[in-house]
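Topology and contacts: notes
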Amino acid sequence: MIKTTTAPFPTIRLRPWLGITATAAAILASWMGLVWAPTDAVQGDVYRVIYVHVPTAWLAYLAFVIVFLASIGWLWTRRPWFDALAVASAEVGVVFTGLFIVAGSIWAKPTWGVWWTWDPRLVTTAIMFLMYLGYLLLRSLSTDFERRATRAAVLGVIAVVDIPIVHLSVLWMNSVHQLPTVARIGAGPALDAQMGMTLGVSVIAFTLVYFALLVERMELERRRQTRVLEQRS
Amino acid sequence: MSSLDRALLVAARDLFAERAQPDGLAAALTFTGMVILLESLAFGPGRAREADVASGVFWIAVLFAAVLISARSFDRDLEDDAIDAVIAMPGGRDALYAGKVVALGVILLIVAAAAGLFSIFLLDLQIALPAHLLLVALAGIIALPPVIVTTSVIALRVRARFAVVPILSFPMLVPQLVAATQGAAAALTGDGPAALAWAGLLASFTLVYGVLGLTIVPAAIE
């Protein structure tokens, strides 16, 4: 039986602060990425795309892991809050995965000479993108609230298997994509300190933007759920 | 009656229904045969005989055939409301999932055997390592049903179900497609260790999705 609630989500109280903090952090990260960080000796200014590419990659993973956890939460407790979290995270995750692919493509053109190549990391990321588009499609085609949430939750759990495949594809298969620069196994980051700090700030800024968007989308979903549950009762 | 008995009962019921009215099997056989015929036209006889092209086309055809068979199986259950009776029995949801996986696996073995023989005959394929090819084919086929049945269950009674099942299942099946194609090509060209490695990957894939499917998919069956 579904545990209905129309009370606001606890995270909603953070909404105004999250938006302001995320905007400030994004401005700071933009200044650091475009002005403060030094130019790369080999790639020139093109490398600055990493300040968008890496954070969006991290958020693509994070968003879909949150979909997975929220899906388990729904299957376990049947609380609508978890379903709202899952759909919000999936939608924001699809946006960030799209940005991740576009930013990578912008970097690839001057570096590799092509916008797109059939590289394992690129292909597996595109597959992850399609998988979560399928997740959103499935949600849009189901009408009953509980059925939609349950089906989407099952898919949300199963689809998460793709995330390690995407991340480790550069290690498992022959890839033109560079190996991890920051999270290297058994070694420190292969990155200049100023660049590393800029990347860190960018990751934090994008993460705050993600949470700000997530909370806004959850509030929209809460209103929709309230309407649906009121119609049912 | 144990869980295994119930699953086998559902599988037997599905297989008997398919034998009585083999429209899923007939559609799958016709479809795979047609794809293999079209392959030689699309690529030309020389390219079509190349190990990676022949195995890639074969596995894509089998993939679509699996979707066709599964769709027909669930359609049949929905048409006569048999699905409600199965769900109503104790442990029915688990039995339905596991039974459908077994039944789809058996029917796919028939389709893949026919399509494989047709490919070998039509394209005049030389098989360097027949035992390895058989192992990869078997591992590749049993890797398909857990994912196809999962997505069929998720898309059950959803609008545009026929489009939703491939959209959801094909991205998940990319590792299966890559491993089965590369493994079969390796067996055709005589690379035994590579064929065995790909067969191992297929077995792991089946294990992961089989366990995940048995654990959570029954919750989505209505």
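Quick summary incoming for the structure in this document.

About the thresholds
- Residues numbered from 1 in each chain as written.
- Chains lettered and ligands numbered in written order.
- Predicted model: local features only at pLDDT ≥ 70, side-chain atom pairs only at ≥ 80, totals over all residues.
- Helix = DSSP H or I, 4+ residues; strand = E, 2+ residues; numbered from the N terminus.
- Buried ≥ 20, exposed ≤ 12 C-beta atoms within 10 Å, placed from the backbone.
- Contact = placed C-beta atoms within 7 Å.
- Nonpolar A, V, L, I, M, F, W, Y, C, P; charged D, E, K, R; others polar.
- Axes fitted to C-alpha atoms, helices over the stretch in contact; angles between N-to-C directions.
- Parallel < 35°, antiparallel > 145°, perpendicular 65-115°, else oblique.
- Left-handed = near helix turned anticlockwise from the far one by under 90°.
- Expected span 1.5 Å × (residues − 1).

Turning next to the overall build of chain A. In terms of helices and strands, chain A carries seven helices and zero strands. Shown N-terminal to C-terminal, the secondary structure of chain A runs as helices and strands in the order α-α-α-α-α-α-α. Counting over 233 residues, chain A shows a buried share of 39%. For chain A, contacts bridging at least 24 residues in sequence account for 78% of all contacts bridging at least 6.

Each partner contributes to the interface: chain B provides 19 residues, whereas chain A provides 18 residues. At the level of secondary structure, the elements contributing two or more residues to the side of chain B that touches chain A comprise α6 (130-154), α7 (161-172), α8 (174-189) and α9 (192-216) of chain B. Here the side of chain B that touches chain A is built from residues that sort into 16 nonpolar, one polar and two charged.

Once that is clear, we can look at the packing of helix α4 (residues 120-141) of chain A against α7 of chain B. Look at α4 of chain A against α7 of chain B: their axes get within 9 Å of each other, and the N-to-C directions meet at 150°. Taken together, the axis directions place α4 of chain A and α7 of chain B in an arrangement best described as roughly antiparallel. You can see that α4 of chain A and α7 of chain B cross each other, and the crossing is left-handed. Along the contact surface, α4 of chain A presents Ile 127, Leu 130, Met 131, Gly 134, Leu 137, Leu 138 and Leu 141 of chain A, while α7 of chain B presents Val 164, Ile 167, Leu 168, Pro 171 and Met 172 of chain B. Taken together, the residues of the contact of α4 of chain A with α7 of chain B sort by class into eleven nonpolar, one polar and no charged.

Let's shift gears to the packing of helix α2 (residues 50-77) of chain A against helix α5 (residues 145-159) of chain A. Residue and element names in this part refer to chain A. Orientation of α2 relative to α5, taken along the N-to-C sense of each, is 135°, at an axis distance of 8 Å. Between α2 and α5, the angle falls in the class oblique. The hand of the α2/α5 crossing is left-handed. Here α2 contributes Val 67, Phe 68, Ser 71, Ile 72, Trp 74 and Leu 75 to the contact with α5, which in turn contributes Ala 149, Ala 153, Gly 156 and Val 157. Looking at the contact of α2 with α5, its residues break down into eight nonpolar, two polar and no charged.

Let us now look at helix α5 (residues 92-123) of chain B. The first and last C-alpha atoms of α5 of chain B sit 45 Å apart over 32 residues, in line with the 46 Å expected at 1.5 Å per residue. Looking at the residues trailing α5 of chain B, positive phi occurs at Asp 124 of chain B, about 55°.

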